[in-house]
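Listed below, chain by chain, are the residues.
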Amino acid sequence: MNQRNLTLHSTVPKAPDDSDSFIDIDRLIAIVIRRAGSIALCVAALVALASVYLLFATPQYTSMTQILLDDSMTKYAEDQAPAASSQQVDMQIASAVEILKSTELALRVVDAQNLSENQTILDTGQGPVDLVKSGLKVVVSALTPGGPPVSDDDAKEGRRQKAAAMLQQALNVSRVTRSSVIAVSFRSTDRMLAARITKAYADAYLNDTLNANFDATERASVWLQERLADLRNRSQVAALEVAKFKTENGLTSANGELMSEQQLADLNKQLIVSQADTASASARYNQFKSIVDQGPDGAVNNAAISSGQTDNSVIQDMRTRYISVSRREAEITTNFGADHPQAVQLRTEKADLTRQIFQELQQLTSSYRNEFEVARSREASLRQNIEHLTGKNSESNKSIVQLNDLEQRATALKTLYESYLARYEQASQQQSFPIAKARVISEAGVPASPSSPKKTMTLGLAIVLGLMAGGALTAFQEFRERFFRVEGDVRTILGLKFLGYLPLVGKPPKERKVFKPRKEPLPQPVETVADDGASFERIMRIVLEAPRSVFAETLRNAKLASDVMFQGKSDRVIGVVSALPGEGKSTTAANFAALLASSGKRTLLIDADLRNPGLTRMLKQPPQKGLVEAVLGEIPWASAVKVDNRTKLAILPVVSNDNLMHTSELLASQGMFNLMENARKMFDYVVVDLAPLGPVIDAKAFAPQVDGFLFVTEWGQTPTTVVRDILNAEPQIKQKILGVILNKTDMSELSKFSNFGGTERYRQKYVSYYTDEIPKKQEPAETNA
């Protein structure tokens, strides 16, 4: 028994993934070229809308003036304030912008130009939103009871408020870059009216600035005048209270100070001088007393008192005589002895001088004692006077505190009065100052051309928006692109070999229900094409009628793949499968078998799609017996085989049987195994058209008897995720797949889905190699369905 569970397919290396690159320029260009129609459609639609808008839009004219906020214009009448910070300047300009946008200024312009009766301002045209609002107001007014009639004054005020609101809507106020210039513009359908209102706004702002300054100064002057009268009265009252309090409490003052305080200060000064005199007298007295206490001899020896200190020259003279006598006595005693009469005389004179000096010191000591007593007595007297005056002042401390409080209050009121008086005089001078802190630097002119709609900008914006919408649509379409388009998709997503493209033959079916189960049996193609005489011969001979076409070349590549894979093997069973119904596997199986048969190989084509036998329905005459009867042993299998006279292709059809429930068990039965064994002995190739892998399991049951599979998927229709998940779930089938064929390929659109450098972009260079054309006029049953 032949072993058929060989691994015939090795995973093809996947193409390198360029998803990590930042931007794939080639891919973006390919997408743009592929979706150029969608982008052009979006651009054309938006350009058409823009053209309609420009055709019916009412032209608007814009007039503009510029106002400079200049504080230097009042420098000659006002004190120069410190330079303002950038934040303060920004706040000032922002405030000016809001003033220009305010309702109050709009009402002033309305009154100045009598715009409450101007129909151009009041009737600006109604947009869709305004029409809806008007309709709602009409409905509400019809359903609600009517109120009292509106008076003429109320109606006039209503028109005035509406005109102001319209002005605010059409007004634009902005700061010019980072300067102190404010641009004021107004748009209207009347160019003259636009210029007039813009100029009126500038005049209204300047007048408002002057009026605001005048009103503020006037209010400040009135208030300051009232405050001055009050402060003057209060200051006078406070001064009278201070004088009255001094009188009542005997707080006499001179040179701004109380008399008691001045007396206390003088006594303190005298006390300090007296204390110094007492200390000096005490020092002299103690010095002389200590000399006298030493006795006459000690007093003479220690009486070294300078004449400047004692102010007495008598002691100094006697002291000089005493020293001279003592020196002579010492010389005579030394020369003649102590008993010498002159020495005795000198000692007597010396003693007499000692007595005189001592008496003089005693007299000086007595006089210094008297001075000391006098100084001490004076100091004590001053102390008594200070204590008496201090006690007297302590009794009036409370009065002094109250007096200080009254004096401070009087002084504060006087200072405040003087300050307010100066401010009042300044405000009075500035009240009539006629210059505002702003000026117009660009007068409002009559616009020569409409400012909107701007045709060039509108069309340009429409093109840009169209490109953006086209880009969004393209991105959405590319996001939804989850189908097989080019060879690289097969290799990258499935990792399988790609065999080629089968071009779309004839027109595709009008309605496809790939993901919806069919509740009724499929319509019989034989019935739909009976009038045209369609037959199996026509659908199977596409590859024969155009042997040098892309269609035939792809099937030859599939044959080559099987020959390479099964080299040295005499019998080969090749199954043709797809993931979903309607992908064209039956047409592919028929033409592949016809190609094999036309090359001289003994080929058997088996219709093993028991539930939807598409190949059998293509036959000119419906068979009476087929595969099911042969597997069940009711007839010899060879008797059910049909042979094409032209290609000698043997065909084993199948008769539909609604009572046949377990088709997978039939294909996996021993009878089917025996039939395939006999077919292998008689034929070189056995091509089996199997049911799709997705909805049924027939192909899975038959897989052990297949040497290799041709996997057919529909170009641009079958989701890649469905195919990948089905094959990953069936590894026993995936490993036997010879390759993948993309069927129903739109060859004119194929190159658009390939990146630069892809082989699909160069297919036109091989036109000379594909000289045959596929027949264009085919019945729906003969398409790649």
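A quick note: this is a predicted structure, and the numbers were derived from the prediction, not measured.

Things to note about the overall build of the protein
Phase 1: Across its full length, the protein holds 29 helices and 14 strands.
Phase 2: Across the 785 residues in the protein, those meeting the buried criterion constitute 39%.
Phase 3: The long-range share in the protein, meaning contacts at least 24 apart out of those at least 6 apart in sequence, stands at 84%.
Phase 4: Accessible area of the protein: about 44500 Å², with a carbon and sulfur share of 54%.

A closer look at the sheet that holds strand β3 (residues 181-188)
Phase 1: Judged by pairing direction, the sheet is antiparallel, and its four strands sit side by side in the order β2-β3-β1-β6 without closing on themselves. Single-partner strands in this sheet number two, and they are β2 (171-175) and β6 (438-442). Put simply, the sheet's adjacent strands are angled 25° from each other on average, direction ignored.
Phase 2: Two elements, β2 and β3, share five bridges in a ladder whose sense is antiparallel. If you follow asparagine 172 over to β3, its bridge partner there is serine 185.

Comments concerning the packing of helix α4 (residues 103-113) against helix α7 (residues 152-170)
Phase 1: It is at 9 Å that the axes of α4 and α7 come closest, and there the two elements cross at 115°. Taken together, α4 and α7 sit at an angle that is classed as roughly perpendicular. You can see that α4 and α7 cross each other, and the crossing is right-handed. For the pair α4 and α7, contact is made by Thr103, Ala106, Leu107, Val109, Val110 and Asp111 and by Arg160, Gln161, Ala163, Ala164, Leu167 and Gln168, respectively.
Phase 2: The residue makeup of the contact of α4 with α7, split by class, is seven nonpolar, three polar and two charged.

Considering the pairing of strand β8 (residues 572-578)
In the case of a regular strand, side chains alternate between the two sheet surfaces.
Phase 1: Burial analysis of β8 places seven of its seven residues in the buried class, which makes it a mostly covered element.
Phase 2: What you see with β8 is no split at all: Arg572, Ile574, Val576 and Ser578 on one side and Val573, Gly575 and Val577 on the other are buried throughout.
Phase 3: Relative to strand β12 (residues 685-689), β8 is paired through five bridges, and the arrangement is parallel. Bridge pairing in β12 links glycine 575 to valine 688.
Phase 4: Here five bridges tie β8 to strand β13 (residues 708-714), and the two strands are oriented parallel to one another. Looking at β13, one finds that valine 576 is bridged to leucine 710.

Details of the pattern of salt bridges
Phase 1: Enumeration over the complete set of coordinates arrives at 23 salt bridges.
Phase 2: Across the salt bridge formed by arginine 108 and glutamate 104, the nearest N and O atoms sit 3.8 Å from each other. Residue arginine 108 and its partner glutamate 104 are located together in helix α4, separated by four residues, close to a single helical turn.
Phase 3: Overall, arginine 108 belongs to the partly exposed group, its relative accessible area being 32%.
Phase 4: Across the salt bridge formed by arginine 347 and glutamate 329, the nearest N and O atoms sit 3.8 Å from each other. With arginine 347 in helix α13 (residues 341-395) and glutamate 329 in helix α12 (residues 313-336), this pair connects stretches of sequence that are 18 residues apart.
Phase 5: Looking at glutamate 329, the relative accessible area reads 10%, which means it is buried.
Phase 6: What you see here is one network of salt bridges that share partners, running through Asp90, Arg175 and Arg178.

What about the packing of aromatic side chains?
Phase 1: Counted according to the given criterion, the structure contains two aromatic pairs.
Phase 2: Between tyrosine 285 and phenylalanine 372, the ring centres sit 6.2 Å apart and the planes meet at 5°, which makes this aromatic pair stacked. Taken together, the residues tyrosine 285 in helix α9 (residues 259-292) and phenylalanine 372 in helix α13 connect sequence positions 87 residues apart. Note on accessibility: tyrosine 285 and phenylalanine 372 belong to one class, buried.
Phase 3: Seen from their ring centres, phenylalanine 498 and tyrosine 501 are 4.8 Å apart, and the 65° between their planes marks the pair as edge-to-face.
Phase 4: The class for tyrosine 501 is buried, based on a relative accessible area of 3%.
Phase 5: Taking the ring centre of tryptophan 715 as reference, the NZ or CZ of arginine 485 above it sits at 4.6 Å.

A look at helix α20 (residues 550-565)
Phase 1: Along its 16 residues, α20 runs 23 Å from first to last C-alpha, staying within 8% of the 22 Å computed at 1.5 Å per residue.
Phase 2: When α20 is considered as a whole, its buried residues turn out to be Val550, Phe551, Ala552, Thr554, Leu555, Ala558, Lys559, Ala561, Ser562 and Asp563.

Details of unusual backbone geometry
Phase 1: The linkage connecting serine 452 with the following residue, proline 453, adopts the cis geometry, with an omega of 0°.
Phase 2: Looking at where proline 453 falls in the secondary structure, it is placed in the loop between β6 and α15 (455-480).
Phase 3: Of note in this structure, asparagine 114 is not a glycine but carries a positive phi near 55°.
Phase 4: Positionally, asparagine 114 belongs in the loop between α4 and α5 (119-122).
Phase 5: Phi is positive for lysine 648, close to 65°, though the residue is something other than glycine.

Focus on the confidence of the model for the protein
Phase 1: Confidence in the prediction of the protein, expressed as mean pLDDT, is 77, and 78% of residues score 70 or more.
Phase 2: Predicted confidence for residues 1-20 stays below pLDDT 50, and this span has 35 contacts to residues more than four positions away or in other chains.
Phase 3: Here residues 507-535 is modelled with pLDDT under 50, and outside its nearest four sequence neighbours on either side it reaches 27 contacts, counting other chains as well.

Quick word on the side chain of threonine 745
Phase 1: Looking at the element boundaries, threonine 745 is found in strand β14 (residues 737-745).
Phase 2: Its relative accessible area of 1% is what places threonine 745 among the buried residues.
Phase 3: Each residue touching threonine 745, except ones within four places of it in the same chain, is listed here: Tyr501, Leu502, Pro503, Leu504, Trp715 and Leu750.

Considerations on the sheet that holds strand β9 (residues 603-607)
Phase 1: With respect to topology, eight strands assemble into an open sheet ordered β7-β14-β13-β8-β12-β9-β11-β10, the strand pairing being mixed. The sheet is open, and its two edges are formed by β7 (498-503) and β10 (642-643), each paired on a single side.
Phase 2: Looking at chain direction, β7 and β14 are connected through four bridges and run parallel. Paired with tyrosine 501 across the two strands is leucine 742, which belongs to β14.
Phase 3: Contacts from helix α21 (residues 585-598) reach β7, β8, β9, β12, β13 and β14, with the element oriented near 170° to β12.

About the cut-offs
Residues numbered from 1 in each chain as written. Predicted model: local features only at pLDDT ≥ 70, side-chain atom pairs only at ≥ 80, totals over all residues. Heavy atoms only, no water. Helix = DSSP H or I, 4+ residues; strand = E, 2+ residues; numbered from the N terminus. Buried < 20%, exposed > 50% of the residue type's maximum accessible area, 1.4 Å probe, protein only. Contact = heavy atoms within 4.5 Å. Areas by Shrake-Rupley, 256 points an atom, 1.4 Å probe, with all protein chains shown as cover. Pairing = 2+ DSSP bridges. Axes fitted to C-alpha atoms, helices over the stretch in contact; angles between N-to-C directions. Parallel < 35°, antiparallel > 145°, perpendicular 65-115°, else oblique. Left-handed = near helix turned anticlockwise from the far one by under 90°. Nonpolar A, V, L, I, M, F, W, Y, C, P; charged D, E, K, R; others polar. Salt bridge = Lys/Arg side-chain N within 4 Å of Asp/Glu carboxyl O. Phe/Tyr/Trp six-rings, centres within 6.5 Å; stacked < 30°, edge-to-face > 60°. Lys NZ or Arg CZ within 6 Å of the ring centre and 35° of its normal. Expected span 1.5 Å × (residues − 1). pLDDT = per-residue confidence, 0-100.

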